[in-house]
Amino acid sequence: FQIAYGVLAKVDESNIPDSDYAGPYYKEAMTLFDYRTDHFPEGSNEQSKAEKAPTFMYAMPLDGNRIFFEETSLVARPAVSFQECKERYLTRMEHLGITITEIEEEEFCYIPMGGPLPAKDQRVVGFGGAAAMVHPSTGYHLCRAMMASGSVAEAIRKELANENFNPDRAAASAYNAIWSPTNIAQRNFAVFGGEFLMKQNVEGLRGFFDGFFKLPLELWGGFLAGWPGLPNNENHETWWARLKFGLSFVSKLPPQVAFDMLASIATYSITEGVPLPQSVTPLLGLPDAYEYKEKNAAVGDVAAKSEAMKMIMESKVEEIVPVAFEQKEFTDV
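Procedures and definitions
- Residues numbered from 1 in each chain as written.
- Predicted model: local features only at pLDDT ≥ 70, side-chain atom pairs only at ≥ 80, totals over all residues.
- Heavy atoms only, no water.
- Salt bridge = Lys/Arg side-chain N within 4 Å of Asp/Glu carboxyl O.
- Helix = DSSP H or I, 4+ residues; strand = E, 2+ residues; numbered from the N terminus.
- Buried < 20%, exposed > 50% of the residue type's maximum accessible area, 1.4 Å probe, protein only.
- Phe/Tyr/Trp six-rings, centres within 6.5 Å; stacked < 30°, edge-to-face > 60°.
- Lys NZ or Arg CZ within 6 Å of the ring centre and 35° of its normal.
- Core = buried A, V, L, I, M, F, W, Y, C linked by side-chain atoms within 4.5 Å.
- Contact = heavy atoms within 4.5 Å.
- Pairing = 2+ DSSP bridges.
- Axes fitted to C-alpha atoms, helices over the stretch in contact; angles between N-to-C directions.
- 1 Å grid on protein atoms, 1.4 Å probe; cavity = no way out; pocket = protein on both sides within 12 Å on 5 of 7 lines; lining within 4 Å.
- Points joined across faces, edges and corners; volume = space filled by probe spheres on them.
- Nonpolar A, V, L, I, M, F, W, Y, C, P; charged D, E, K, R; others polar.

Q: What exactly am I supposed to notice about the pattern of salt bridges here?
A: Side chains bearing opposite charge may pair, as long as their charged atoms lie close to each other. Following the criterion strictly, the structure yields 18 salt bridges and no others. In this structure, the salt-bridge partner of glutamate 13 is lysine 27, at a minimum N-O distance of 2.3 Å. Remark: lysine 27 occurs in the loop between strand E3 (25-26) and strand E4 (31-34) and glutamate 13 occurs in the loop between strand E1 (2-11) and strand E2 (21-22); sequence separation between them is 14 residues. Since its relative accessible area comes to 29%, glutamate 13 is described here as partly exposed. For lysine 27, a relative accessible area of 14% puts it in the buried group. Between arginine 88 and glutamate 84 there is a salt bridge, with its nearest N and O atoms 3.0 Å apart. Of the two residues, arginine 88 and glutamate 84 are both situated in helix H2 (residues 82-96); the distance of four residues between them amounts to about one turn of the helix.

Q: Explain the packing of aromatic side chains here, please?
A: Two aromatic rings, taken as a pair, are described by how far apart their centres are and by the angle between their planes. Scanning the entire structure with this criterion turns up 32 aromatic pairs. For the pair tyrosine 21 and tyrosine 26, a centre-to-centre distance of 5.2 Å together with 40° between the ring planes defines the contact as tilted. On the basis of relative accessible area, tyrosine 21 is assigned to the partly exposed category, the value being 35%. Seen from their ring centres, phenylalanine 189 and phenylalanine 245 are 6.1 Å apart, and the 70° between their planes marks the pair as edge-to-face. Of this pair, phenylalanine 189 sits in helix H5 (residues 181-198) while phenylalanine 245 sits in helix H8 (residues 239-252), and the two are 56 residues apart along the sequence. Residue phenylalanine 189 is classed as buried on the basis of its relative accessible area, which comes to 12%. When the ring centre of tyrosine 290 is taken as reference, the NZ or CZ atom of lysine 120 above it lies at 4.4 Å. Between the NZ or CZ atom of arginine 187 and the centre of the ring of tryptophan 179, over which it lies, the distance is 5.6 Å.

Q: Which parts of the structure should I look at to understand the nonpolar core?
A: One recurring pattern in soluble globular proteins: nonpolar side chains tend to sit buried together. Formed by 38 residues in total, the largest nonpolar core has its most connected members in Tyr35, Leu74, Phe208, Phe209, Phe212, Phe245 and Phe249. In terms of residue count, H5 provides more of this core than any other element does, six residues in total. Setting aside residues up to four positions removed in sequence, phenylalanine 212 forms contacts with Trp220, Phe223, Leu224, Phe245 and Phe249. The next biggest cluster of nonpolar side chains, apart from the first, holds 17 residues, and it includes Val7, Tyr25, Met93 and Ile98.

Q: Would you mind showing me how to read the sheet that holds E1 here?
A: Within a sheet, neighbouring strands are paired by backbone hydrogen bonds and run either parallel or antiparallel to one another. Here five strands make up an open sheet; going across it, the order is E4-E5-E6-E1-E7 and the pairing antiparallel. Two strands bound the open sheet, and with one partner strand each, they are E4 and strand E7 (100-111). Strand-to-strand, the axes of this sheet are offset by a mean angle of 15°, without reference to chain direction. Note: E1 against E7, 10 bridges, orientation antiparallel. Across the sheet, residue leucine 8 finds its bridge partner in E7, namely glutamate 105. In this fold H2 packs onto E1, E4, strand E5 (56-61), strand E6 (66-73) and E7, with an angle of close to 40° to the strand it touches most, E1.

Q: In this structure, what is going on with the layout of surface pockets? I would like to understand it.
A: In this structure, the largest pocket spans a volume of roughly 630 Å³. When residues in the lining of the largest pocket are grouped by element, the largest group, eight residues, is from H5. Residue classes in the lining of the largest pocket are distributed as 20 nonpolar, eight polar and five charged.

Q: Before we go on, may I ask you to explain empty space enclosed by the protein in this structure?
A: Over the atoms a probe the size of a water molecule is rolled, and this reveals where empty space is left. Tallied over the entire structure, the rule returns one cavity of 30 Å³ or more. Taken as a whole, the largest cavity encloses approximately 110 Å³ of empty space. Considering the residues around the largest cavity, the lining is formed by 14 residues, among which His135, Gln186, Arg187, Ala190 and Gly226 are closest to the centre. For the lining of the largest cavity, the secondary structure elements donating two or more residues are H5 and helix H7 (217-225). Here the lining of the largest cavity takes five residues from H5, the largest share from any one element. Classifying every residue of the lining of the largest cavity gives six nonpolar, six polar and two charged.

Q: I would appreciate a short explanation of the pairing of E6 in the present structure.
A: Remark: a regular strand shows side chains that alternate across the two faces of the sheet. For E6, the tally of buried residues reaches seven of eight residues, placing the bulk of the element in the interior. Here eight bridges tie E1 to E6, and the two strands are oriented antiparallel to one another. Bridge pairing in E6 places lysine 10 opposite arginine 66. Bridge count for E5 against E6 is six bridges, and the pairing is antiparallel. Counterpart to phenylalanine 56 in the pairing with E6 is threonine 72. Taken together, E5 and the strand that follows it, E6, pair antiparallel across an intervening segment of four residues, in which glycine 64 is found at a positive phi of about 60°.

Q: Help me understand H7, please; the structure alone is not making it clear to me.
A: Since there are 3.6 residues in each turn of an α-helix, residues three or four apart along the chain are aligned in direction. Within H7 the residues assigned to the buried category are Leu219, Gly221, Gly222, Phe223, Leu224 and Ala225. Close packing links the buried residues of H7 with helix H3 (142-160), H5, helix H6 (202-212) and H8. Among the residues trailing H7, glycine 226 stands out with phi positive, at a value near 65°.

What follows is the structure in structure tokens.
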């Protein structure tokens, strides 16, 4: 889960030396992934917790002295508590000398990440978070959902216009528009990324993002988006593109983090099986599609159904006899 506590706040600028900054945060730019922990007393329990279960500060300056601050646990299982995030935010603000004069809004952010894809063979069509569309490494979601909405709507419209409308086929077509085999393969690669991030302490995360942002923008930006049609996704939507990205990324990492990632790739491939190797090689094909597969019309024990129908029709107890089963139900097996 990704957990964050945030505030849209006004800050006191009466005694700041440079009005272009709020503490260390430049007011003409957004700050992401501030994983510093120097706001905790050296050797304290709070510092130890922050190093083992890290959170980062996200700062988004708006107009005037209004800034959105968010203390975020990128991904953790179990989740870091909201109270923990709030206390770390308050400690960070005090250490940085940022005085909040007014809080306009509070944010409590809870984002499920990773997890299973929707079950096949169901008629309920989930979308967005209900269809596991959240990026499993970053928590980004909105642009992915907006980009997918057109193809999903078109798939449903097409099925509704069919003279022989089949709700099972309609649901399968909608899910296949979201989770095509190539999309699933790309997601599997990102799921590993989320699992790797989850096991890192603060030093590991600093090293991870230090290497990540040394990549060309087209590579790291494409990974953060990670959906067909979004900018730079062509750098991630094939097994070869993902393999090149991975090799380039590992080469940018600090040695300890790079070694940990290589070991994690081996361990994850052994414990989780096909998904990761399938996402970076052509040897295992693509994941199964959500495409509709016609099923037999009759389900169950035909002999028991036939016996029940015969006994109900012959019953002398029941005054109202249920409508007889259609005979064709027992022949389409």
